[in-house]
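# Chain and residue survey
Each chain, letter by letter, is given below.
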Amino acid sequence: MAKPEAILEKADEALESPELVSELVEAMTGGSRRERQKAASVLAVVAKKDPDLLRDYADQFVEALNVPEGQTRWEVLDALTELVPLEARICEKGVPEADAALFDEDSGPARLAAMRFMCKLGATTEKRSEKVWPMIDEAIQCYHGDLEFQDMLTAVVGFSEGKLAPEVKAALKDRMTFDATNSKGALQRKAAAIVENVS
């Protein structure tokens, strides 16, 4: 989803201003839904450009997953996905909320953001792969054929390249073998790449 010009400009400002970053982080869990969404949108852009700037706020991002509206949650999950390589232990605290977002019936973008987060986190260690695999597996089954499924599979390809526990590798291979042999196009290519990565 393309960001409006104003969000991108604000993100560029934030990249130069630690004070503004701090204000945005505070607004992300503030009382105004509109301000929360705006702050989360800006911070998601900042996270993509320079996640180091947000490293000290990882706990606040996890806390912001508890807001009610879908958009703030998916922007926060996007930011947390960028923070995983820097602060995986803190990011892991967001798994219960990410699990809820992964099965949010009202928000495709929240489901996709949660899948990307789970896959990125799960790829970091065998233990984390075991923790998130049941949720990833359920999502693969639930959303097969949905609008965001191809993008979800791209995240699963990344997951399959990570440090997965042997039993997770075996289960992922079992899950994707059918699509790798019976599907066509992008689905077949991605499924085949996953199977190859875990074989």
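Residues numbered from 1 in each chain as written. Predicted model: local features only at pLDDT ≥ 70, side-chain atom pairs only at ≥ 80, totals over all residues. Heavy atoms only, no water.

## A word on helix H2 (residues 18–27)
So the rule is basically this: Think of it in three bands: with a 1.4 Å probe and only protein chains considered, a residue is buried below 20% of the maximum accessible area for its type, exposed above 50%, and partly exposed in between. For the purposes of this entry, the term helix denotes a DSSP run of H or I that reaches at least four residues, the term strand denotes a run of E that reaches at least two, and both are numbered from the N terminus. When we speak of the arc, we mean the arc of directions from the helix axis to the C-beta atoms. Any pair of residues with heavy atoms lying within 4.5 Å of one another is described as a contacting pair.
Taken together, the buried positions of H2 are Leu20, Val21, Leu24 and Val25. Summarising the axial view, the buried residues of H2 lie within an arc of 140°, below the 170-degree limit, and thus occupy one face. In this structure, H2 carries Glu19, Glu23 and Glu26 as exposed residues pointing more than 90 degrees from its buried face. Tucked inside the fold, the buried residues of H2 contact helix H1 (5–16), helix H3 (33–49) and helix H4 (58–64).

## So, the nonpolar core
Counted only if it meets this: Here, the term nonpolar core denotes a set of buried Ala, Val, Leu, Ile, Met, Phe, Trp, Tyr and Cys residues that are joined through side-chain atoms within 4.5 Å.
Counting 71 residues, the largest nonpolar core has Phe61, Ile136, Phe159 and Leu172 as the members making the most contacts within it. Counting residues per element, this core draws most heavily on helix H5 (residues 70–91), which supplies ten residues. Beyond its immediate chain neighbours, meaning those up to four positions away, Leu172 contacts Trp133, Ile140, Val156, Phe159, Ser160, Leu164, Ile194 and Val198.

## Let's talk about the side chain of Glu92
Note the following rule: Whenever a nitrogen or oxygen atom comes within 3.5 Å of another N or O atom, the pair is scored as a polar contact, on the condition that within protein one atom can donate a hydrogen and the other can accept it, and that pairs from neighbouring residues in sequence are kept only if both atoms are in side chains.
Looking at where Glu92 falls in the secondary structure, it is placed in the loop between H5 and helix H6 (95–102). Separated by 2.7 Å, the side chains of Glu92 and Arg128 make a polar contact. Contact partners of Glu92, with chain neighbours within four places excluded, come to Leu121, Arg128 and Lys131.

## Observations concerning the layout of surface pockets
Put simply, the test is: Here a cavity denotes a set of grid points, spaced 1 Å apart and computed over the protein atoms alone, in which a 1.4 Å probe fits but from which it cannot get out, and a pocket denotes an open set meeting protein on both sides within 12 Å along at least five of seven lines; residues with an atom within 4 Å of a point are reported as lining. Grid points are joined across faces, edges and corners, and a volume is the space filled by probe spheres set on the points. Polar here means any residue other than Ala, Val, Leu, Ile, Met, Phe, Trp, Tyr, Cys and Pro, which are nonpolar, and Asp, Glu, Lys and Arg, which are charged; Gly is therefore polar.
Each pocket or cavity is described by its volume, and for the second largest pocket that value is around 170 Å³. Looking at the lining of the second largest pocket, the elements that each hand over two or more residues are helix H7 (108–122) and helix H9 (149–160). At five residues, H9 tops the list of elements feeding residues into the lining of the second largest pocket. Within the lining of the second largest pocket, the residues separate by chemical class into four nonpolar, three polar and three charged.

## Some words on the environment of Asp56
Position of Asp56 relative to the elements: it lies in the loop between H3 and H4. Taking the relative accessible area as the measure of exposure, Asp56 reaches 70% and is therefore exposed. Separated by 30 residues in sequence, Asp56 and Leu86 have C-alpha atoms that sit 9.9 Å apart.

## Quick word on the environment of Asp12
Examined against the element boundaries, Asp12 turns out to sit in helix H1. When the C-alpha atoms of Asp12 and Val45 are compared, they prove to be 8.8 Å apart, with 33 residues separating the residues in sequence. At a separation of 3.1 Å, a polar atom in the side chain of Asp12 contacts the side chain of Lys49.

## Some words on the pattern of salt bridges
Here is the rule we go by: Whenever a carboxyl oxygen of Asp or Glu lies within 4 Å of a side-chain nitrogen of Lys or Arg, that contact is scored as a salt bridge.
As enumerated under the stated definition, the model contains eleven salt bridges in all. The residue Asp52 makes a salt bridge to Arg55 at a minimum N-O spacing of 3.7 Å. Judged by its relative accessible area of 48%, Asp52 is partly exposed. You can call Arg55 partly exposed: its relative accessible area is 32%.

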